[in-house]
Amino acid sequence: MKAISKQLVLVVVVVVIVTAVLVGTLLTSLFQQPSAVSRKTVVYASLSEMTSADPSTEFSNSIMWLPLVYEPLVWYDALKDRFIPALAERWESSPNGTVWTFYIRRDAKFHDGSPVNAEAVALSINRTITLKGGAAYIWDPVERIEVVDEYTVRFYLKYPAPLLKIAASPYATYIFCPNVVKYANAANLTDPKVADWFNKGNDCGSGPYRLVKWNPESEVVLEKWSEWWGWKEPNYPWRSSLDKAPDIFIIKIIKDAATQSRMLRAGEIDIAQSVPVEDLKSFEKDPNYVVVREPSFQNLLMLINTKKPPLNDVRVRMAIAHAIPYEDIVNLARGGLARVASGPIPYGLWGHFDNLTYTYDLELAKRLLAEAGYPTGIPRTLTLVYTAGDIYEATTAEIIKASLAKIGINVEIRPMSWEEQWALAQKGWENPEEVQDLFIFYWWPDVLSPITYLYNMFSSQSKAFNLCYYENSTFDEIIMQAYRLEGSDPQKALELYYKAQYILYTDVPAIPLWDMIDIRVATAHIKNLENAINPSYPTVVFAQMLIVD
């Protein structure tokens, strides 16, 4: 009995030990949460709040995440001048450029699992056109869209147009699932309930990331979607790889460049949208950081309230244009990381001309003011607004204020949040005397054509962004004629675009200040950042192209 008991005891002991080991291993595996620990998170700091989340009508800062969650038919790489397939794997056009056929890839699906097909493409673009919000005007050439079969969609145009450029635009081109009508409990896609559904932070795109948290004033959180077709496409150029791209991509609102710089050094963010120019050299010397410089189609302009005396006198506006030290602004405000602007179309973009720069000539400026009846200066203080926290705009404003004082123009600088700045300026069409005199802001393209700069900021039909309240029917007619000729007679279109820009040069509804060189600063463990930013999609960091060590 004693021998049997010893064997039983031994067996029990072994069983207990093995069980303990197994339970311990199980508990360890349960509490280690390996997925949470190992997830690669990248935080990208933005200077401005997000605006809306509707992929059809959004036309502002949400460009920073929309191209990661939604996809257009094609992308455009401006640095290599090539179109890259997105939801359309190939395309063709008729000889006269009025019929375009896109073949939709068969392996793409939306985040809810439903298939991306020709019907979804047609419904998405038709909703954008019907709502007429944001950059919907870019689809002006489209007469109708035909669903040829499940994976073929055809666009019939009213006139020849570069539809690939249009389809690759960073706004108004995104495809989403038709199921949003059901999710929003709406009657149809144009029911306002669909917009409300989007703006509550829901998405139904097909891109490499899903929107999982939407707080437009503090942060937007995206989560990598492993079912994205692009991860599986061999040699696809618009990504790194599923295992190397960040699992979580956070866009955090940090409204001050100096704070972004400090947080980058503290390891609280990984990529800064903006740091003070004086910090760049130290970042470049530090092997723990990488500074990326790329061409940009983003520029900075100062819009003038053309309806508010004395700025309603072109001689006063011209005097201001000649009293601005452009080289000083580029060197002091941007540390030389920009070019003095020549017209509203930035350097490098088709439609840019080099002979539309105002000279810095204080004597000429004084003579112009005298001719306008102000030999000793303007008898009231002008208000200049800019986006608070933007150190480049702030320094630019200070330089302008100091220089205008030399010709007898006093300026009050008023930094405002973008929302406040925007809300104030929107009142100008109704009450131009109750709003700002001078409005500094950036413009970046919604379509890679001069039309985006000329129509949005200067057409009398564009009340949202024409914040100089400029009205010139001849100008309006010329730019639309040029846009319609881009596809059939680009040389004639170019001549018209120059004519339109010369009108602006002599009327001075705005003063282009500089064309930007894009700069991002990141921690060194973020690789491939130089390929993740592209002038066609300003402020966007394509997270799927990043490599995180």
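Data block above holds the structure.
Residues numbered from 1 in each chain as written. Predicted model: local features only at pLDDT ≥ 70, side-chain atom pairs only at ≥ 80, totals over all residues. Heavy atoms only, no water.

### Section: the packing of aromatic side chains
Here's step 1: Under the criterion given, the structure shown has 39 aromatic pairs.
Here's step 2: With a centroid separation of 5.1 Å and an interplanar angle of 90°, the aromatic rings of tryptophan 228 and tryptophan 231 are classed as edge-to-face. Note on accessibility: tryptophan 228 and tryptophan 231 belong to one class, buried.
Here's step 3: Ring geometry for tryptophan 422 and phenylalanine 465: centres 5.0 Å apart, planes at 50°, overall tilted. Taken together, the residues span a long stretch of sequence, with tryptophan 422 in helix α14 (residues 418-426) and phenylalanine 465 in the loop between α15 (451-458) and α16 (473-485) at a distance of 43 residues.
Here's step 4: Its relative accessible area of 25% is what places tryptophan 422 among the partly exposed residues.
Here's step 5: Among the aromatic side chains, those forming a connected cluster through ring pairs are Phe59, Tyr171, Trp418, Trp422, Phe439, Phe441, Trp443 and Phe465.
Here's step 6: Arginine 105 extends its terminal NZ or CZ atom over the ring of tryptophan 229, reaching a point 3.6 Å from the ring centre.
Here's step 7: A cation over an aromatic ring shows up here: arginine 339 above the ring of tyrosine 347, its NZ or CZ 3.4 Å from the ring centre. (Phe/Tyr/Trp six-rings, centres within 6.5 Å; stacked < 30°, edge-to-face > 60°. Buried < 20%, exposed > 50% of the residue type's maximum accessible area, 1.4 Å probe, protein only. Helix = DSSP H or I, 4+ residues; strand = E, 2+ residues; numbered from the N terminus. Lys NZ or Arg CZ within 6 Å of the ring centre and 35° of its normal.)

### Notes on the state of the cysteines
Here's step 1: This structure, assessed with the given rule, holds one disulfide.
Here's step 2: The disulfide that involves cysteine 177 links it to cysteine 204, with 2.1 Å between the sulfurs. Its S-S torsion of approximately 110° makes the covalent link between cysteine 177 and cysteine 204 right-handed. Taken together, the positions of cysteine 177 in the loop between α5 (163-167) and α6 (180-183) and cysteine 204 in the loop between α7 (192-199) and β8 (209-215) put the pair 27 residues apart, joining distant regions of the chain.
Here's step 3: According to the relative accessible area criterion, cysteine 177 is buried, its value standing at 0%.
Here's step 4: The class for cysteine 204 is buried, based on a relative accessible area of 2%. (Disulfide = S-S within 2.5 Å.)

### Examining the layout of surface pockets
Here's step 1: In this model, the largest pocket occupies a volume close to 500 Å³.
Here's step 2: As for the largest pocket, its lining consists of 21 residues, and the residues nearest its centre are Lys132, Ala136, Tyr137, Asp140 and Tyr455.
Here's step 3: Broken down by secondary-structure element, the contributors of at least two residues to the lining of the largest pocket are α15 and α16.
Here's step 4: Top element by residues in the lining of the largest pocket is α16. It accounts for three residues.
Here's step 5: Class assignment of the residues belonging to the lining of the largest pocket gives a composition of ten nonpolar, five polar and six charged. (1 Å grid on protein atoms, 1.4 Å probe; cavity = no way out; pocket = protein on both sides within 12 Å on 5 of 7 lines; lining within 4 Å. Points joined across faces, edges and corners; volume = space filled by probe spheres on them. Nonpolar A, V, L, I, M, F, W, Y, C, P; charged D, E, K, R; others polar.)

### Thoughts on the pattern of salt bridges
Here's step 1: Scanning the model with the defined rule gives 23 salt bridges in all.
Here's step 2: The closest approach of N and O atoms between arginine 380 and aspartate 437, which form a salt bridge, is 2.6 Å. Placement of arginine 380 in the loop between α12 (362-371) and β14 (382-387) and of aspartate 437 in the loop between α14 and β16 (438-443) is noted, with a sequence separation of 57 residues between them.
Here's step 3: Taking the relative accessible area as the measure of exposure, aspartate 437 reaches 1% and is therefore buried. (Salt bridge = Lys/Arg side-chain N within 4 Å of Asp/Glu carboxyl O.)

### Some details on the pairing of strand β3 (residues 82-85)
Here's step 1: Of the pairings in the sheet, the one linking strand β2 (residues 74-77) to β3 comprises four bridges and is antiparallel in character. Paired with tyrosine 76 across the two strands is phenylalanine 83, which belongs to β3.
Here's step 2: The antiparallel pairing of β2 with β3 creates a hairpin that spans four residues between the two strands, and aspartate 81 there sits at a positive phi of about 50°. (Pairing = 2+ DSSP bridges.)

### Remarks on the nonpolar core
Here's step 1: In this structure, Trp65, Trp139, Phe155 and Phe249 are the most contacted members of the largest nonpolar core, which totals 136 residues.
Here's step 2: Not counting residues within four places of it along the chain, the set of residues in contact with tryptophan 65 comprises Met50, Ser52, Ala53, Tyr70, Leu211, Trp214, Val220, Leu222 and Ile251.
Here's step 3: Residues Leu311, Ala397, Leu513 and Met516 belong to the second largest nonpolar core, which totals 46 residues. (Core = buried A, V, L, I, M, F, W, Y, C linked by side-chain atoms within 4.5 Å. Contact = heavy atoms within 4.5 Å.)

### A closer look at the sheet that holds strand β6 (residues 142-149)
Here's step 1: Pairing in this open sheet of four strands is antiparallel, and the strands run β4-β5-β7-β6 from one edge to the other. Edge strands, defined here as strands with exactly one partner in the open sheet, are β4 (88-93) and β6. Along the sheet, successive strands turn relative to each other by an average axial angle of 20°, direction set aside.
Here's step 2: Of the pairings in the sheet, the one linking strand β5 (residues 99-104) to strand β7 (residues 152-157) comprises five bridges and is antiparallel in character. Residue pairing for β7: threonine 101 is matched across the bridge by arginine 154. (Axes fitted to C-alpha atoms, helices over the stretch in contact; angles between N-to-C directions.)

### Considerations on the environment of aspartate 77
Here's step 1: Of note, aspartate 77 is situated in strand β2.
Here's step 2: For aspartate 77, a relative accessible area of 7% gives the class buried.
Here's step 3: Counting along the chain gives 152 residues from aspartate 77 to tryptophan 229, while the straight-line C-alpha distance between them is 20 Å.
Here's step 4: Look past the residues within four positions of aspartate 77 in its chain and what remains in contact with it is Arg82, Ile84, Trp238, Asn534 and Ser536.
Here's step 5: One polar contact links aspartate 77 to asparagine 534, side chain to side chain, over a distance of 2.7 Å. (Polar contact = N/O pair within 3.5 Å; in protein donor to acceptor, adjacent residues only side chain to side chain.)

### Things to note about empty space enclosed by the protein
Here's step 1: One pass over the full model with this rule turns up four cavities of 30 Å³ or more.
Here's step 2: Of the voids in this model, the largest cavity is the one considered here, and its volume is about 540 Å³.
Here's step 3: For the lining of the largest cavity, the elements supplying multiple residues, two or more each, are α13 (391-405), β16 and β17 (510-523).
Here's step 4: Here the lining of the largest cavity takes five residues from β17, the largest share from any one element.
Here's step 5: The class makeup of the residues in the lining of the largest cavity is 18 nonpolar, ten polar and five charged.
Here's step 6: Size it by volume and the second largest cavity reaches roughly 90 Å³.
Here's step 7: Around the second largest cavity, the lining residues are Gly343, Pro344, Leu356, Tyr358, Phe458, Gln501, Leu504, Tyr505, Pro509, Ala510 and Pro512.
Here's step 8: Among the elements of the structure, α17 (490-507) and β17 are those that each provide at least two residues to the lining of the second largest cavity.
Here's step 9: When the residues that make up the lining of the second largest cavity are grouped by side-chain class, the tally is nine nonpolar, two polar and no charged.

### A word on the packing of α16 against α17
Pairs of packed helices are described in terms of their axes, by the angle between the two and the distance that separates them.
Here's step 1: Viewed as axis vectors pointing N to C, α16 and α17 meet at an angle of 155°, and their least axial separation amounts to 8 Å. What the angle tells us is that α16 and α17 run roughly antiparallel. Viewed along their axes, α16 and α17 form a crossing whose handedness is left-handed. Across from Phe475, Ile478, Ile479, Gln481, Ala482, Tyr483 and Leu485 in α16, the residues of α17 making contact are Pro490, Lys492, Ala493, Leu496, Tyr497, Lys499, Ala500, Ile503 and Leu504.
Here's step 2: Considering only residue class, the contact of α16 with α17 consists of 13 nonpolar, one polar and two charged. (Parallel < 35°, antiparallel > 145°, perpendicular 65-115°, else oblique. Left-handed = near helix turned anticlockwise from the far one by under 90°.)

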